[in-house]
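# Coordinate analysis (summary)
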Amino acid sequence: MTQSATLYCYVHPNRPTTLRCNRCERPICTQCAVRTPTGYRCRNCVRELQKTFDTAVWYDYVIGLTVTVVLSAIASVIVSAISFLGGFFMIFISLAIAAGAGTIIANILLRLIRRRSRVLFFVIAASIVIGALPVALFFLFTGNFFSIIWQGIYVFVATPTVYARFSGIQL
Ligand SMILES: [Zn+2]
Ligand SMILES: [Zn+2]
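Residue numbers restart at each chain and count upward from 1, following the sequence in its written direction. All chains are assigned letters beginning at A, and all ligands numbers beginning at 1, according to the order in which they are written. Given that the model is predicted, a residue must reach a pLDDT of at least 70 before its local features are reported, and side-chain atom pairs must reach 80 or more before they are shown or counted; all residues, however, enter totals for whole chains, interfaces and linings. Based on all heavy atoms of the structure, the side-chain values leave hydrogens and waters out of the count.

### Describing the overall build of the protein chain
Segments assigned H or I by DSSP are reported as helices when at least four residues long, segments assigned E as strands when at least two residues long, and all are numbered from the N terminus. Looking only at helices and strands, one finds 5 helices and 4 strands in the protein chain. Mapped in sequence order, the helices and strands of the protein chain form the string β-β-β-β-α-α-α-α-α. In terms of overall size, the protein chain is more extended than a compact globule, its C-alpha atoms giving a radius of gyration of 21 Å where 171 residues would be expected to give roughly 16 Å. In terms of overall dimensions, the protein chain has a C-alpha envelope of 70 × 40 × 25 Å along the principal axes. Throughout, exposure labels follow a simple rule: accessible area from a 1.4 Å probe, protein chains only, divided by the maximum for the residue type, with under 20% read as buried, over 50% as exposed, and the rest as partly exposed. The proportion of buried residues among the 171 residues of the protein chain is 35%. Note on contacts: a residue pair is in contact if any heavy atoms of the two residues lie within 4.5 Å. Across the protein chain, every contact between residues at least 6 apart in sequence was considered, and the portion connecting residues at least 24 apart equals 58%. Approximately 10,200 Å² of the protein chain is accessible, and the part contributed by carbon and sulfur atoms is 68%. Treating the 15 positive side-chain charges of the protein chain as one cloud and the 4 negative ones as another, the clouds have centres 6 Å apart. Our radius of gyration is a C-alpha quantity, and the globule rule it is checked against amounts to 2.2 Å times the number of residues to the power 0.38. Residue-level accessible areas treat just the shown protein chains as cover; the underlying method is Shrake-Rupley with a 1.4 Å probe. By the counting rule applied here, Lys and Arg register as positive and Asp and Glu as negative, while His and the ends of each chain are not counted. Think of each charge as sitting on NZ of Lys, CZ of Arg, CG of Asp or CD of Glu.

### A closer look at helix H4 (residues 118-141)
Here H4 spans 35 Å end to end across 24 residues, near enough to the 34 Å set by a 1.5 Å rise per residue. At any given residue, the bend is defined as the angle formed between two axes, one fitted to the seven residues that end at that position and one fitted to the seven that begin there. Maximum bend of H4: about 40°, positioned at Leu-133, with proline Pro-134 one to four residues after it. Among the residues making up H4, those that are buried are Leu-120, Phe-121, Val-123, Ile-124, Ala-125, Ser-127, Ile-128, Gly-131, Ala-132, Val-135, Ala-136 and Phe-139. Those residues of H4 that are buried lie in contact with helix H2 (58-85), helix H3 (90-112) and helix H5 (145-167). Gly-143, located one to two residues past H4, shows a positive phi value of around 70°. Given the number of residues in a helix, its expected span is that number minus one, multiplied by 1.5 Å.

### Regarding the coordination of the zinc ion (ligand 1)
Note: metal donors comprise N, O and S atoms at 2.8 Å or less from the metal (3.2 Å for Na, K and Ca); water molecules are not included, so apparent gaps in a site are possible. Donor atoms from the polypeptide that bind the zinc ion (ligand 1) are Cys-21 (SG), Cys-24 (SG), Cys-42 (SG) and Cys-45 (SG), placed at 2.3 Å. Square planar and octahedral assignments, for four and six donors respectively, both demand that opposite donors be over 155 degrees apart and that all other angles lie between 65 and 115; tetrahedral needs four donors with all angles between 85 and 135 degrees, and anything else is irregular. For the zinc ion (ligand 1), the 4 donor atoms in the first shell make angles of 104 to 117° at the metal, so the coordination geometry reads as tetrahedral. In the primary sequence, the donor residues of the zinc ion (ligand 1) line up as C-x2-C-x17-C-x2-C. Judged by its relative accessible area of 1%, Cys-21 is buried.

### Let's talk about a nonpolar patch on the surface
Here a patch means residues that are over 30% exposed by relative accessible area and free of salt bridges, tied together within 9 Å if like-charged and within 5 Å if nonpolar (Val, Leu, Ile, Met, Phe, Trp, Tyr). Salt bridges are defined as contacts in which a side-chain nitrogen from Lys or Arg sits within 4 Å of a carboxyl oxygen from Asp or Glu. A cluster of nonpolar side chains, Leu-65, Val-129, Ile-130, Leu-133, Leu-137, Leu-140, Phe-141 and Phe-145, forms an exposed patch at the surface whose accessible area comes to about 750 Å². At 6 residues, H4 tops the list of elements feeding residues into the nonpolar patch. With respect to the helices and strands, the residue Leu-133 is situated in helix H4.

### Some details on the coordination of the zinc ion (ligand 2)
Each pair of donors in an ideal four-coordinate tetrahedral metal site encloses 109.5 degrees, whereas pairs in an ideal six-coordinate octahedral site enclose 90 or 180 degrees. For the zinc ion (ligand 2), the full set of protein donor atoms is Cys-9 (SG), His-12 (ND1), Cys-29 (SG) and Cys-32 (SG), and the range of their distances to it is 2.1 to 2.3 Å. Around the zinc ion (ligand 2) sit 4 donor atoms; with metal-centred angles ranging over 99 to 116°, the donor geometry is tetrahedral. Along the chain, the residues donating to the zinc ion (ligand 2) fall in the pattern C-x2-H-x16-C-x2-C. Of the two residues, His-12 sits in the loop between strand S1 (7-8) and strand S2 (16-17) while Cys-32 sits in the loop between S2 and strand S3 (34-36), which places them 20 residues apart along the sequence.

Everything listed is a geometric property; what it means functionally is a separate question.
Structure representation (structure tokens):
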């Protein structure tokens, strides 16, 4: 059923190839293959995906900002609560929670927002930081600088995690 017979590019039927588009699975020659973070795609599929790009409308920003700020605030509270448990080992737990929170936030955003734009990615990255601010400011005014560093670690890990996952761009 598959393999066995030689594949030919679906755009250039005279060119034998071993590549397939990883989205539509049609055979493509090296000239038609476009390298994406998730593998080779044909030009049609790349164009399809780009249609979702720079299409974000105003409420996508509102949803992205609100959801990310709220979830980031919750995650930053959890991370700072762990910082009070103390101990060097807790750094690793915090890092894991930050990365986990980043993944969860990105997954929720992927479900809520179908459209994409570069500005939207920036808004979401900024929202992670904004969400962590109340806790960081609280520690700043109470003079707990150790916990501020903890918040910094959270932002440092969670932001690229959300960004990479939501945008599909590998850092
Ligand atoms: Zn394709
Ligand atoms: Zn081709």
